[in-house]
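# Summary of structural features
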Amino acid sequence: MRNLIFDIDGTLLDSVDLHAAAWAEAFRHFGIAVSPDEVRGQIGKGGDQLMPVFVPKERLERDRETIETFRSTLFTDEYLPKVRPFPGVRALFERLKAEGHVLALASSGKADEVERYQEIAGIRDLVDVATNSDEADRSKPHPDIFEAALGKLGHPAKGQAVVIGDSPYDAEAAVKAGLPVIGVLCGGFPEAQLGEAGCMAIYRDPQDLLDGYDSSILRRGVP
């Protein structure tokens, strides 16, 4: 299993609650009453898939770009400085590189956000390829972002790539792209929900995946 495609938010970085809070604050700014708890269950989708859940269609057609721009600036200015990596991220990536894996990031974030995320996680020098929202017409749970990552990886053969993510939207998108997927619980989604969405193995967090590497499908391959 040579090529490993990682989601970022909720998988490598403890950022899900912060994204939910930023979206809720942005919605309130535009007169849309939504709580962070309501938004949290949608984190993992990009804005193109998340906003229609809360914004009426006619309002969305008029204000989509304005709301998204406000939210993006708000997150960068107020919330991004609070983002921290989960335990074991750097150590996991170092082990994976030492084992010969090719490491990709597949995020629906903007290009500058993905760059900043790599710095926060301390893995910039270990990442081989990264995707961002500019490279996908639709965000998760559509498969576009993983298909873009596969393209950057040279379209590896079946069984030579796997997705690691924290949300059911990661799992659904991976399955649609024909990829096996490993789930992590640190993003806050229930284990049962990840299993139902298609995760074939589930770990607590990056540290747990590192600790269990020798017996994982990352090393042994898909049964």
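The structure this text deals with has already been given above.
Below is a summary of the structure that appears in this document. Since the structure is predicted, the reported quantities are computational estimates derived from the model, not experimental observations. (Residues numbered from 1 in each chain as written. Predicted model: local features only at pLDDT ≥ 70, side-chain atom pairs only at ≥ 80, totals over all residues. Heavy atoms only, no water.)

What follows concerns the overall build of the protein chain. Within the protein chain, the regular secondary structure consists of 11 helices and eight strands. Its C-alpha radius of gyration of 17 Å places the protein chain within 12% of the 17 Å reference for a compact globule of 223 residues. With the C-alpha coordinates of the protein chain rotated into their principal frame, the extents come out at 50 × 30 × 30 Å. Put simply, the protein chain has 223 residues, and 56% of those count as buried. Within the protein chain, contacts between residues at least 6 apart in sequence are counted, and of these 64% link residues at least 24 apart. Carbon and sulfur atoms make up 47% of the accessible area of the protein chain, which totals about 9800 Å². (Helix = DSSP H or I, 4+ residues; strand = E, 2+ residues; numbered from the N terminus. Rg over C-alpha atoms; globule rule 2.2 N^0.38 Å. Buried < 20%, exposed > 50% of the residue type's maximum accessible area, 1.4 Å probe, protein only. Contact = heavy atoms within 4.5 Å. Areas by Shrake-Rupley, 256 points an atom, 1.4 Å probe, with all protein chains shown as cover.)

Before going further, it helps to spend a moment on the environment of Phe 27. In this structure, Phe 27 sits in helix H1 (residues 16-29). Sequence separation of Phe 27 and Phe 54 is 27 residues, and the distance between their C-alpha atoms is 8.5 Å.

Here the focus is unusual backbone geometry. The amide bond that connects Lys 140 to the next residue, Pro 141, takes the cis arrangement and shows omega of 15°. Mapped onto the elements of the fold, Pro 141 is located in the loop between strand E5 (129-131) and helix H7 (144-152).

It is the contact of helix H3 (residues 47-54) with helix H4 (residues 57-79), at a shortest axis distance of 11 Å, that shows an interaxial angle of 125°. Accordingly, the angle class assigned to the pair H3 and H4 is oblique. Here H3 runs over H4; the crossing is right-handed. For the pair formed by H3 and H4, the contact residues are Gly 47, Asp 48, Met 51 and Pro 52 on the first element and Leu 60, Arg 64, Ile 67 and Glu 68 on the second. For the contact of H3 with H4, the per-class residue count stands at four nonpolar, one polar and three charged. (Axes fitted to C-alpha atoms, helices over the stretch in contact; angles between N-to-C directions. Parallel < 35°, antiparallel > 145°, perpendicular 65-115°, else oblique. Left-handed = near helix turned anticlockwise from the far one by under 90°. Nonpolar A, V, L, I, M, F, W, Y, C, P; charged D, E, K, R; others polar.)

For the structure on display, the rule yields six aromatic pairs. Ring centres of Phe 27 and Phe 54 lie 5.6 Å apart, and the angle between their planes is 50°; on these two criteria the pair is classed as tilted. Of the two residues, Phe 27 sits in helix H1 while Phe 54 sits in helix H3, which places them 27 residues apart along the sequence. You can call Phe 27 buried: its relative accessible area is 0%. Note on Phe 54: relative accessible area 16%, which makes it buried. (Phe/Tyr/Trp six-rings, centres within 6.5 Å; stacked < 30°, edge-to-face > 60°.)

A complete count under the given rule lists 20 salt bridges for this structure. Notably, a salt bridge pairs Glu 68 with Lys 110, separated by 3.8 Å at the nearest N-O pair. In this pair, Glu 68 is assigned in helix H4 and Lys 110 in the loop between strand E4 (102-106) and helix H6 (111-121), connecting sequence segments 42 residues apart. Of the residues examined, Glu 68 reaches a relative accessible area of 17% and is grouped as buried. The partner of Arg 90 in a salt bridge is Glu 94, with the nearest N and O atoms 2.9 Å apart. One end of the pair is Arg 90 and the other is Glu 94, both in helix H5 (residues 89-98) and four residues apart, which spans about a single turn. Accessibility expressed as a relative area gives 31% for Arg 90, which makes it partly exposed. Looking at Glu 94, the relative accessible area reads 39%, which means it is partly exposed. What emerges from the salt-bridge pattern is a single network uniting Glu 68, Arg 71, Lys 110 and Glu 113. (Salt bridge = Lys/Arg side-chain N within 4 Å of Asp/Glu carboxyl O.)

The subject of this paragraph is H4. Between its first and last C-alpha, H4 extends only 28 Å over 23 residues, short of the 33 Å set by a 1.5 Å rise per residue. When the local axis directions of H4 are compared, the greatest deviation, roughly 70°, occurs at Asp 63. Considering only its buried residues, H4 is in contact with H1, H3 and H6. (Expected span 1.5 Å × (residues − 1). Bend = angle between axes of the 7 residues up to and from the residue.)

Note that Ser 139 resides in the loop between E5 and H7. Of note is the side chain of Ser 139, whose polar atom sits 2.5 Å from the side chain of Asp 48. Beyond its immediate chain neighbours, meaning those up to four positions away, Ser 139 contacts Lys 45, Gly 46, Asp 48, Gln 49 and Ser 108. (Polar contact = N/O pair within 3.5 Å; in protein donor to acceptor, adjacent residues only side chain to side chain.)

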